[in-house]
Amino acid sequence: MGDTWRTVFGHEEPYPEQADGIETAIETADRGGFAVIEGACGTGKTMLALTAGIDRVRDPDSSFERVAVLTSVKQQLRQFEADVTTINENLPADWRPVSALTLVGKADVCPYSRERVAGVDETTVYERCDGLRERTRNLTGQEGPTTAAALASDARQTGAGHLDTGSGRTVDFLETAGEPTPYPPDTAEYEDTEYCPFYARYLEDLPEDGDPVEAVPFDFADRGLLDTEDLVALSAGHGTCPHSMLGALIPHVEVVIGNYYHAFDPQTVGSFTGALLDESTFVVCDEAHMLEPRVRDLVSDGVGDATLRDAESELTRVIQAVELDEGGAGAAARTGSAGDARDADLVRGELEEADVSLAELKATRSFVRDLRGELDRQVRAHLDRERPGWRASMDDLPDDEIPLRDPEEPGVDAITEWADGEYGDDVWARAETVGAVAARALNELDEADRERAAPTVGRVLGAWYRADHTRYFRSVDLSRTWNESEPGDSWRRAYNARLSLHNCVPGEAIADRLDDFGGGVLMSATLEPLDVFRTVTGLDALAEDGRPVVERTYGLTFPESNRASFAVDAPAYTHENRGAVGADTDARRVYVDAVAEVARRDGNVLVGMPNYAEAEWMAGRLDERLDSPVLLDESSDDGATERLKSDFFAGGSKTLVTSLRGTLTEGVDYRGDRLHAAVVCGVPLVDTTRPRTRAVVTAYDRAFGTDGNGGRSGFETALTVPAVRKARQAIGRVIRGPEERGVRVLIDARYARDRWNGVREYFPEWEREEFGPVSPDMLSLGLDRFEESGGSVTHD
């Protein structure tokens, strides 16, 4: 293999590991396979993956046409954008720039949502957009009263009519992304029908049988990276729909940057990004240690009690449209009910086209109504059993989870048993079709912009019916709320309830999706043990089917003298040892002493605890011990987190305490003097008593566990390995460049010693060697020696 990729590479010379990774990725992808790369900070994984993918796309002998980048961290998305720009800045003068596009949601690109006009914002944009598009299509369809061009032109003239007759002569046009649009700052109307002029313009430019990219009114091939602001400015400035432009451009740019939703969420793929999923796409899964948990959520499903209630009402509305016309259209007209006759004809037409009977509509409505009744019974029985007297103390009810079967004994769940006994298979099997028909009928009867509940209920009921009872776990999830309109003795006053269908083992779904691509790279700083990663993500199954899977692990290349790494042999930070939060135990005192020893020294310190409750406790103890400020990260919104980060970075030594399952211990840039030390307390396992967690462990045991063939236990693969990756992500925040110096501390005997519940084996060999065991009373000496060697950091 040659090194033509060096022309694409964005820097003067690659690191040795980078060059090896690029060549491995290219060679593997050419064979239709996937390179699995763990690379510590400094490996240059982003540039590595982009170089390999773009080289394949630019090679005329390659079958690859585009690179699809998927990441779960917004900061990494920005890094890919920056590296695409770097590549373009350093291409030979006679090369055209690499075209690239970042995928975002409708709220980020819709002109009305961005400017919060026409009743559209981030909470309403999807429902409003669907309704406006539907009415625009109806107005311009084969039997529509006008053309898309006429609609767009009419909207422009309406805006032009808003002239100020004073000296300014300004035109009242909507502006967004710094550009004026051709339309007024509201949606348009045609004979009392509201429509979207941006979408009308898109429909007018859309070729009848051609490629949607022909509707793009601006040049994109030579622009390089088309970021969100540029996309909106160019699209809206030309009067066309920015979101439709995104969809049209996806198959035609060389690099598409998005998140896991864009490839693994069935609804997003079905409605928007399906063009990415073919063998001509080189896929890059960044932060791939998150692939398994994120996809598990995406391929799980559920439906809330309120959605069931709304679906029942929608089905009733459709049924009544026919029942009110029992005498036929002629009779309805004679009695002044022509509207009823029209509605009935619309519904009958939808039913006939889909081969759905009125009896099926009624059966599905009965099923949904009775399902709510069974849900109510399940919740009341659980609360009566677990929280007697709950009706008198609803203010104190916490979030809860009701298992519908024994989590550790796969079998038919209680809801399925009830439904099979009451209704049999027919309603289950047809629910999805019936729900879709009901929604289409309602859209004909009522033009209101709102999402219909019936299709969601039908989809979930269909999935519930089809999914097996070993890899899927069913539960009722109770989320704390407060609704004064519900009766005082009803659980609905205090809870939202959701019927949840959890995919415990997402590896098959991951493998099926990866198999759609031609090849690519899966990478992260924390993938080890790679055998576990390959197993749980389905890569081993792909390899068995002939798709090569090639592994590479690259350690930290920065000078080892710049970092001090300790595995403190403290009592395991388990509930048995530490006691309840706030308890005055020997184990807790050891941890506070060790963390304070690190935090009392100069420089910012990040402390990761197993959960937010433990973080609050530790912050309180440190606040009593330290002279420098102690900041506490609590489970909060993005705005609060950003303000906390700004305070932490503002100068002067501080200690920031957070949960290892939060957002501040991975994907955050702590370059320079932003962070001098990271301390991890305990192994951040999820709550092992939760029914869903127990179900996942059981499913992993059955799918991958010890069976005489050397497999690992479900507890290891489902819980321990992901927890260790969380810890490794946290300590990886410290050293981000060759000139940086810092301290990394893991406190817990499980990190320090090889023992029956130790976790050292889950670290790569190079990292095990660096984290030498140290007793709690020797930590101070180790820190002193590092400081004497010049390891301290002084903040301005």
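Our subject is the structure that appears above.
In what follows, the accompanying structure is described. (Residues numbered from 1 in each chain as written. Predicted model: local features only at pLDDT ≥ 70, side-chain atom pairs only at ≥ 80, totals over all residues. Heavy atoms only, no water.)

Considerations on unusual backbone geometry
Here the residue pair E528 and P529 is connected by a cis peptide bond, since its omega of -5° sits within 30 degrees of zero. One can find P529 in the loop between β15 (519–524) and α22 (530–536). One non-glycine residue with positive phi stands out, namely R116, at about 55°. The topology assignment puts R116 in the loop between α5 (111–115) and α6 (125–140). In this model, D192 sits at a positive phi of 70°, which is unusual for a non-glycine residue. (Helix = DSSP H or I, 4+ residues; strand = E, 2+ residues; numbered from the N terminus.)

Some points on the layout of surface pockets
Quantified by volume, the second largest pocket comes out at close to 850 Å³. What lines the second largest pocket is a set of 41 residues, and nearest its centre among them are C41, G42, K45, R671 and R736. Mapped by element, the contributors of at least two residues to the lining of the second largest pocket are α2 (45–58), α3 (74–89), β15, α29 (714–731) and α31 (765–770). For the lining of the second largest pocket, the element with the most residues is α3, which contributes four residues. In terms of residue class, the lining of the second largest pocket is built from 14 nonpolar, 15 polar and twelve charged. (1 Å grid on protein atoms, 1.4 Å probe; cavity = no way out; pocket = protein on both sides within 12 Å on 5 of 7 lines; lining within 4 Å. Points joined across faces, edges and corners; volume = space filled by probe spheres on them. Nonpolar A, V, L, I, M, F, W, Y, C, P; charged D, E, K, R; others polar.)

Quick notes on the pattern of salt bridges
Inspection of every chain in the model, using the stated rule, returns 68 salt bridges. Ionic pairing is found between R6 and D3, a salt bridge with its closest N-O pair at 3.2 Å. Exposure remark for R6: the relative accessible area of 36% places this residue in the partly exposed category. A residue is classified by how much of its surface remains accessible, and D3, at 42% relative accessible area, is partly exposed. Here E767 makes a salt bridge to R728, at a shortest N to O gap of 2.5 Å. Placement of E767 in helix α31 and of R728 in helix α29 is noted, with a sequence separation of 39 residues between them. Neither residue differs from the other here; E767 and R728 are each classed as buried. Within this structure, D305, R372, D376, R380 and R492 form a network of salt bridges that share partners. (Salt bridge = Lys/Arg side-chain N within 4 Å of Asp/Glu carboxyl O. Buried < 20%, exposed > 50% of the residue type's maximum accessible area, 1.4 Å probe, protein only.)

Remarks on the packing of aromatic side chains
Inspection of every chain in the model, using the stated rule, returns 17 aromatic pairs. Relative to F704, the ring of Y700 has its centre 5.2 Å away and its plane inclined at 85°; by these criteria the two rings are edge-to-face. One end of the pair is Y700 and the other is F704, both in helix α28 (residues 691–704) and four residues apart, which spans about a single turn. Here the two residues Y700 and F704 agree in accessibility, since each one is buried. (Phe/Tyr/Trp six-rings, centres within 6.5 Å; stacked < 30°, edge-to-face > 60°.)

A short note on the nonpolar core
Within soluble globular proteins, side chains that are nonpolar tend to cluster in buried spots. Core analysis: the largest hydrophobic core is formed by 74 residues, its most contacted members being Y112, F218, L249, F264, L514, L522 and L539. If you tally residues by element for this core, the top one is helix α8 (residues 197–205), at five residues. Apart from residues no more than four positions distant in its own chain, Y112 is found in contact with V117, A118, V120, L174, D186, T187, C196, P197 and F198. Grouped together as the second largest cluster of nonpolar side chains are 51 residues, A311, F367, L383 and L442 included. (Core = buried A, V, L, I, M, F, W, Y, C linked by side-chain atoms within 4.5 Å. Contact = heavy atoms within 4.5 Å.)

Side note on the sheet that holds strand β22 (residues 742–747)
Taken together, seven strands build an open sheet; the order of strands is β19-β20-β18-β21-β22-β17-β23 and the sheet is parallel. At either end of the open sheet lies a strand with only one pairing partner, and these are β19 (630–632) and β23 (772–774). Across the sheet, the mean angle separating the axes of adjacent strands is 20° when strand polarity is ignored. Bridge analysis of strand β21 (residues 677–681) against β22 gives five bridges, and the strand direction is parallel. From the neighbouring strand, V680 faces β22, where its bridge partner is L746. Packed on one face of the sheet, helix α26 (residues 612–625) meets β18 (605–609), β19, β20 (655–659) and β21 and runs near 160° to β20. Strand contacts of helix α27 (residues 638–649): β18, β19 and β20, with the helix running at about 165° to β19, the strand carrying the most contacts. (Pairing = 2+ DSSP bridges. Axes fitted to C-alpha atoms, helices over the stretch in contact; angles between N-to-C directions.)

Describing the side chain of R128
In this structure, R128 sits in helix α6. Among the polar contacts made by the side chain of R128, one reaches the main-chain carbonyl oxygen of A118 at a distance of 2.8 Å. (Polar contact = N/O pair within 3.5 Å; in protein donor to acceptor, adjacent residues only side chain to side chain.)

Fair warning: the whole summary comes from geometry, so function is off the table for now.
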